[in-house]
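Chain by chain, the residues run as shown.
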Amino acid sequence: MSYTAVCSQCGSVLIDEKACPCGGEVAFVFDESVPSGIPSSMWHYGRRLPLTNADPVTLGEGATPLLPAPGLIPGLNLWLKDETRNPTGSMKDRAMSVAFSKARQEGVGRTILLSAGGAGIAAAAYAARAGITNVVVVPEDAPPSRVLLCHLYGSKLVQVKGNVEDVLEIVKLVNQSGEFLEVSTYRRANPYQAEAPKTIAYEIAEFMRSVPEAVVVPIGGGGTLAGIYQGFRDMGAGGIPQMVGVQNRNFAALDIAMKRHLSSLDDLLEVAKEIDSSLPTQTPGLRHAFPPDGVAALAAMRASGGRMVVVDDAEAIYWRERLAVETGILAEPSATTALAAAAKLRESGNFTNGEAVVCIITGAGWRDLPDLAIQTKIPIHTVEAQGRNTLGALLTVADGE
Ligand SMILES: [Zn+2]
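All figures in this text were calculated on a predicted structure; none of them were measured in a lab.

So, how was this worked out
Residues numbered from 1 in each chain as written. Predicted model: local features only at pLDDT ≥ 70, side-chain atom pairs only at ≥ 80, totals over all residues. Heavy atoms only, no water. Helix = DSSP H or I, 4+ residues; strand = E, 2+ residues; numbered from the N terminus. Expected span 1.5 Å × (residues − 1). Buried < 20%, exposed > 50% of the residue type's maximum accessible area, 1.4 Å probe, protein only. Contact = heavy atoms within 4.5 Å. Salt bridge = Lys/Arg side-chain N within 4 Å of Asp/Glu carboxyl O. Donors = N, O, S within 2.8 Å, 3.2 Å for Na, K, Ca; no water. Tetrahedral: all angles 85-135°; square planar, octahedral: opposite > 155°, others 65-115°. Pairing = 2+ DSSP bridges. Axes fitted to C-alpha atoms, helices over the stretch in contact; angles between N-to-C directions.

A separate point is helix α10 (residues 313-327). Spanning 15 residues, α10 covers 21 Å between terminal C-alpha atoms, matching the ideal 21 Å at 1.5 Å per step. For α10, the full list of buried residues reads Ala316, Ile317, Trp319, Arg320, Arg322 and Leu323. Tucked inside the fold, the buried residues of α10 contact β4 (77-82), α11 (333-347), β12 (356-361) and α12 (369-375). Looking one or two residues past α10, Gly328 carries a phi angle of roughly 80°, positive in sign.

Following this line, the structure appears as structure tokens:
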């Protein structure tokens, strides 16, 4: 055993790896330090993940590129951690590789999770890889392309009428029955997967040979930001970047909490009442009135001298288009909120000239293609095949608007 389960609140050792009587969540301490060397997958860091055998359920997740993006935001030394390159196109693959490795190790037959998107797709793929029956509980307004992908990977789909929070409650009840293992991506539901985002920090530090001044992370449930922060902490001496969280303006619970100096779970449950999570959005991954790992995300932002930024749908779409056209990375709008936020912080002077900033590009845009194909008016030019005259027509198209 290379790890010990402990309570995140009181520090007690948790022999059964179940939540502490004090109400704290399951956290882990590890015997071994962070391995160095260039990773070929996330499992390069397997000794820092809470598993007892070396036979992970893997599709080659992690070890994603860290790409320089000079000029995308003038004045910034900008880097993109391209998590779209994971097997199902998002950083959730890291979490699900850990969750399903643990599930298989425990001989679990059925898993369940709540997801409006990326986590569901990732879970479906890793369940297939592990040979485990998986149920994805999707909200009524889940994007059809995401639901399709869960189906194509062989998961069972259930739609429960109600908002995200209602559905969370039902998943919890089902989970407590012991018939399913919950693999939802927040620590209280599944503490094992919550360790996976640390590996993003390990990789950034390894590739940069240093620590950037800031890391910008879109916030859905808050677990990715909290995990990346933990990863930088694990490496100790190199320093810790400012952790910047990004939410959609309409679902900005953590922005409100930062402004009001709130920090507890109860505070966040109160704030959630002010947020209408039924509002339509182009960033469905960020639609949380109550981010379940919000307490840890708030603590990470405060301890690192970071901040919250809110952006709207139009800014996310603008940056999706620019990222694709100017860098060759097709990301989902939920992911490109990170670029919108970095641009704002550069404009306001919070990011200074030449500052090394990493934006986490959390998820790929191809997962939305069926929906986009219907919504987008694609200009296709018709030219006649007329020998050399066709060349002129092609040049007109190429150089035209
Ligand atoms: Zn405790």
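Moving on to the pattern of salt bridges. Enumeration according to the criterion identifies 22 salt bridges in this entry. For the salt bridge of Arg104 with Asp55, the shortest nitrogen-to-oxygen distance reads 3.5 Å. Taken as a pair, Arg104 in helix α1 (residues 92-105) and Asp55 in the loop between β2 (26-30) and β3 (66-68) lie far apart in primary sequence, 49 residues in all. Taking relative accessible area as the criterion, Arg104 reaches 33% and is therefore assigned partly exposed. Here Lys273 ties to Glu270 by a salt bridge, and the two come within 2.7 Å at their closest N and O atoms. Taking the relative accessible area as the measure of exposure, Glu270 reaches 46% and is therefore partly exposed. Where salt bridges share partners, they join Lys81, Glu83, Arg94 and Glu203 into one cluster.

On to the coordination of the zinc ion. By definition of the ideal shapes, a tetrahedral metal site with four donors has angles of 109.5 degrees and an octahedral site with six donors has angles of 90 or 180 degrees. Protein coordination at the zinc ion comes from Cys7 (SG), Cys10 (SG), Cys20 (SG) and Cys22 (SG), with a distance range of 2.2 to 2.3 Å. Around the zinc ion, the 4 donor atoms sit at angles spanning 102 to 121°, and that spread fits a shape best called tetrahedral. Sequence spacing of the donor residues for the zinc ion, all on one chain, is C-x2-C-x9-C-x1-C. Judged by relative accessible area, which is 3%, Cys7 ranks as buried.

Sheets are built from strands paired through backbone hydrogen bonds, the pairs being either parallel or antiparallel. Strand order in the open sheet formed by 4 strands is β7-β6-β5-β8, and the pairing between neighbours is parallel. The two strands at the open ends of the sheet, each matched to only one other strand, are β7 (156-159) and β8 (181-182). Taken together, the 5 bridges between strand β5 (residues 110-114) and strand β6 (residues 133-138) define a ladder with parallel strand orientation. When the sheet's bridge partners are listed, Leu114 is paired in β6 with Val137. Helix-sheet contacts for helix α2 (residues 118-130) involve β5 and β6, and the interaxial angle to β6 is about 170°.

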